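# Analysis of the macromolecular model
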Amino acid sequence: MKKLILKSLLYFFLILVILEVLVRVFHLGKDTPTRFLDDRQVEKWVPNQNGFNVTGNRRQNFSEFHINSSGFNSYREFTPTKNNIEVALIGDSFIEGFHQNYYNSIGKKAENALPGIEIYEYGYAGYDFADQLHLVHSYKKQFDLIDHLILGIKFSNDLTRGEYKVAKGRLALESPIHRLLKKSKLIVYCKSIGLLEPPQELMYRLINILKPKREVLPINDEEALRIRKENEKAYLANFKSLVAKYGYDKERYTLLLDSKITSPIFLSYLEKNDFNYIDFSQSFENTNRSTTLIYDRHWNNHGRELIAKLISKYIQKKDLKTK
């Protein structure tokens, strides 16, 4: 019996080793760059990292990323000057672009249509509007040299707070335990395709059994509408609060949004108060091709081409002049 147990453990270990090797050889597990909080309390990636992002259980999407010296995924360094024309794209994972080769990003596509203009991509997964304005404020001297800033915003996600605070949840992913687990590409791969979700759910259920049960009352349509309206008012108030705190140059700043999923109250406020925005909803609706990935709701190459085209057209209309 003892020998059987020892052999079983040995075979199990060998199987894990073989699977780990296979995952690494076929590059099924994604690389995750290391994040950090800089001396200005800005969360970003540790500079000068390279790797590959993988989406889907059959490597549906495979792309290369490159973290530049500023801590963002980009095909170029950020070196704005008084003599050149630069445009900054600021936002979350959609701007960060890990789902596309860094040398074929939204910024690169837009830059190809804008001779003489440099596009800088300040994208970081999880950035909301508070993160974006805090970034611009923290590196004010650098952003003052940039001619135009385009800030991606999703009304339902990016305005849930009216002031900036460090997101400790994301930084917790850099704990010693998480770093150790990330060294195993097999664990990373299993997590990415959902194999670890059932045991996690079982653990949560066991923990919840010990907790007192709370009665959850069903929400009717009237109550749901009331909650939605309250949230819309709160999000608009948060927008106003952030703009008041950090400032907002309406001539140099433009929002990038989808009006189809944006509150009419917010759109009305933007228009009445002369906030410029690029709306990509119509462009996405008019195309007969998919604009998102299969296993992921991020924009695919076609979606990014449409966004880049809108941005380049908008910048051309702005007719930016050399400083």
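Data block above holds the structure.
Bear in mind the structure is a predicted one, so any value in this text is a computation, not a measurement. For every chain, the first residue of its written sequence is number 1, and the numbers climb from 1 along that sequence. Where totals are concerned, whole chains, interfaces and linings use all residues; where local detail is concerned, this predicted model gives features only for residues with pLDDT of at least 70, and gives and counts side-chain atom pairs only at 80 or more. Neither water nor hydrogens contribute to the side-chain values; these are computed over all heavy atoms in the structure.

### Thoughts on the packing of helix α4 (residues 129-138) against helix α11 (residues 221-246)
Working convention: axes come from line fits to C-alpha atoms, limited for helices to the stretch in contact. Angles between N-to-C directions cover 0 to 180 degrees. Strands here mean DSSP runs of E at least two residues long; helices mean DSSP runs of H or I at least four residues long; both are numbered from the N terminus. Packing of α4 against α11 leaves a shortest axis separation of 10 Å and a crossing angle of 5°. With respect to α11, the axis of α4 lies roughly parallel. In contact with F129, A130, L133, H134 and H137 of α4, α11 contributes F239, L242, V243 and Y246. Only Asp, Glu, Lys and Arg are considered charged, only Ala, Val, Leu, Ile, Met, Phe, Trp, Tyr, Cys and Pro nonpolar, and every remaining residue, Gly among them, polar. Across the contact of α4 with α11, the residue classes break down as 7 nonpolar, 2 polar and no charged. Angle categories are assigned with fixed cut-offs, so that under 35 degrees is roughly parallel, over 145 is roughly antiparallel, 65 to 115 is roughly perpendicular, and the rest are oblique. Only heavy atoms matter for contacts: two residues are in contact if any of them lie within 4.5 Å across the pair.

### Some points on the packing of aromatic side chains
Ring pairs shown here join Phe, Tyr and Trp side chains whose ring centres sit within 6.5 Å, with only the six-membered ring taken for Trp; geometry is labelled stacked below 30 degrees between planes, edge-to-face above 60, and tilted in between. Per the counting criterion, the structure on display carries 24 aromatic pairs. Through a chain of ring-to-ring contacts, three or more aromatic side chains come together here, namely F129, F155, Y235, F239, Y248, Y253, F266, Y269 and F275. In this arrangement the basic side chain of K250 is found over the ring face of F275, its NZ or CZ atom lying 4.5 Å from the centre. Note on criteria: charge over ring means Lys NZ or Arg CZ within 6 Å of the ring centre, with the direction from the centre no more than 35 degrees off the ring normal.

### A short note on the packing of α11 against helix α12 (residues 264-272)
With their axes 9 Å apart at the nearest point, α11 and α12 run at an angle of 30° to one another. The angle between α11 and α12 places the two elements in the roughly parallel class. Helix-helix and strand crossings are classified by hand; for α11 and α12 the assignment is right-handed. Here α11 contributes E232, L236, F239 and K240 to the contact with α12, which in turn contributes I265, F266, Y269 and L270. The residue makeup of the contact of α11 with α12, split by class, is 6 nonpolar, no polar and 2 charged. By definition, any crossing whose near helix is turned counterclockwise from its far helix by less than a right angle is left-handed, and any crossing with a clockwise turn is right-handed.

### Overview of the pattern of salt bridges
Think of a salt bridge as a Lys or Arg side-chain nitrogen and an Asp or Glu carboxyl oxygen that are within 4 Å of each other. Under the criterion given, the structure shown has 19 salt bridges. Where R161 meets D128, a salt bridge forms, and the shortest distance between an N and an O atom there is 2.7 Å. Taken together, the residues R161 in the loop between α6 (155-158) and α7 (168-171) and D128 in the loop between β6 (117-123) and α4 connect sequence positions 33 residues apart. Of the two residues, R161 and D128, both sit in the buried class. In this scheme, a residue with accessible area under 20% of its type's maximum is buried, one over 50% is exposed, and one in between is partly exposed, where area comes from a 1.4 Å probe on protein chains only.

### Considerations on the nonpolar core
Note on terminology: a nonpolar core comprises buried Ala, Val, Leu, Ile, Met, Phe, Trp, Tyr and Cys residues joined through side-chain atoms within 4.5 Å. Residues Y122, F129, F143 and L255 are the most contacted members of the largest nonpolar core, which totals 41 residues. Elements supplying a minimum of two residues to this core: β4 (61-67), β5 (85-91), β6, α4, β7 (148-152), α11, β8 (253-257) and α12. Considering each element in turn, this core owes the most residues, 6 residues, to α11. Those residues in contact with F143 that lie beyond four places of it in its chain are A88, I90, Y122, L135, V136, L149 and R252. If you look at the next biggest cluster of nonpolar residues, it comprises 24 residues, including L89, I150, I278 and F284.

### Structural notes on unusual backbone geometry
Trans peptide bonds make up the majority, and among non-glycine residues the majority have a negative phi. In this structure, N48 is a non-glycine residue whose phi angle is positive, near 60°. With respect to the secondary-structure elements, N48 resides in the loop between β2 (43-45) and β3 (49-55). Unusually for a residue other than glycine, D274 sits at a positive phi of about 60°. For D274, a relative accessible area of 56% translates into the label exposed.

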